[in-house]
Amino acid sequence: TDYQALVDRAQFVTTQADQDGFDAEVSILHIRGLGSDMSALLIQAKDGRLWVALLDSGQVRYYSNAPDWTQHLPITVRTWIDSSSGVTQIKLMSARGKILSYP
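What counts, and where the lines are drawn
Residues numbered from 1 in each chain as written. Predicted model: local features only at pLDDT ≥ 70, side-chain atom pairs only at ≥ 80, totals over all residues. Heavy atoms only, no water. Phe/Tyr/Trp six-rings, centres within 6.5 Å; stacked < 30°, edge-to-face > 60°. Helix = DSSP H or I, 4+ residues; strand = E, 2+ residues; numbered from the N terminus. Buried < 20%, exposed > 50% of the residue type's maximum accessible area, 1.4 Å probe, protein only. Contact = heavy atoms within 4.5 Å. Salt bridge = Lys/Arg side-chain N within 4 Å of Asp/Glu carboxyl O. Polar contact = N/O pair within 3.5 Å; in protein donor to acceptor, adjacent residues only side chain to side chain.

(A) Representation of the packing of aromatic side chains within the structure. Tallied over the entire structure, the rule returns two aromatic pairs. Note on Phe-22 and Trp-51: the rings are 4.1 Å apart at their centroids and 5 degrees apart in plane angle, and the pair reads as stacked. Here Trp-51 lies in strand β4 (residues 50–56) and Phe-22 lies in the loop between β1 (12–16) and β2 (24–30), a separation of 29 residues in the sequence. In this structure, Phe-22 and Trp-51 share a single accessibility class: buried. Relative to Trp-69, the ring of Phe-22 has its centre 5.4 Å away and its plane inclined at 80 degrees; by these criteria the two rings are edge-to-face. Taken as a pair, Phe-22 in the loop between β1 and β2 and Trp-69 in the loop between β5 (59–64) and α2 (75–83) lie far apart in primary sequence, 47 residues in all. Comparing Phe-22 with Trp-69, the two get one shared label, buried. Linked through ring pairs, Phe-22, Trp-51 and Trp-69 together constitute an aromatic cluster.

Structure (structure tokens):
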């Protein structure tokens, strides 16, 4: 279901700098008029590693296929979350749904 939510948010796509040095393309996905409530961040490294943060109603669901990044957030993701309003919780989906309080 989160894949479809990610696709739904791809109405407008902007780019952001890769602050972690992953040699990656960073895309911010959002829906017109709902950008602060329903958006996503997608980081795609050239070597196939992915990081996805999906914002929905104050909760961020975070995924990564990079083993070293399933339990904590890259700087690029943290910066994006800090720029979003009302985030109260981060759910680490690749770490069995572990919850992080935020901020």
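(B) Main features of the environment of Ile-99. You can see Ile-99 is positioned in strand β7 (residues 98–101). Setting aside chain neighbours within four positions, we find Ile-99 in contact with Gln-89, Ile-90 and Lys-91.

(C) Geometry of unusual backbone geometry. Phi at Ser-57 is positive, roughly 55 degrees, even though this residue is not glycine. Considering the arrangement of structural elements, one finds Ser-57 in the loop between β4 and β5. When its relative accessible area of 68% is taken as the criterion, Ser-57 is described as exposed. A positive phi is found at Arg-96, a non-glycine position, where the angle reads about 60 degrees. Looking at the secondary structure, you find Arg-96 in the loop between β6 (89–92) and β7.

(D) How the structure looks around the pattern of salt bridges. All told, the structure shown has four salt bridges when counted by the stated rule. We note a salt bridge from Arg-61 to Asp-2, for which the minimum N-O separation is 2.8 Å. Here Arg-61 is found in strand β5, whereas its partner Asp-2 is found in helix α1 (residues 2–8), with 59 residues between them in sequence. For Arg-61, a relative accessible area of 13% gives the class buried. Measuring nitrogen to oxygen at the nearest pair gives 3.9 Å for the salt bridge that ties Asp-56 to Arg-61. Taken together, the shared-partner salt bridges in this structure form one network comprising Asp-2, Asp-56 and Arg-61.

(E) Representation of the side chain of Ser-64 within the structure. Looking at the secondary structure, you find Ser-64 in strand β5. A polar contact is formed between the side chain of Ser-64 and the backbone oxygen of Leu-50, at a distance of 3.0 Å. Here the side chain of Ser-64 touches Ala-66 through a polar contact of 3.1 Å, landing on its backbone nitrogen. Not counting residues within four places of it along the chain, the set of residues in contact with Ser-64 comprises Leu-50, Trp-51, Trp-69, Thr-70 and Ser-94.

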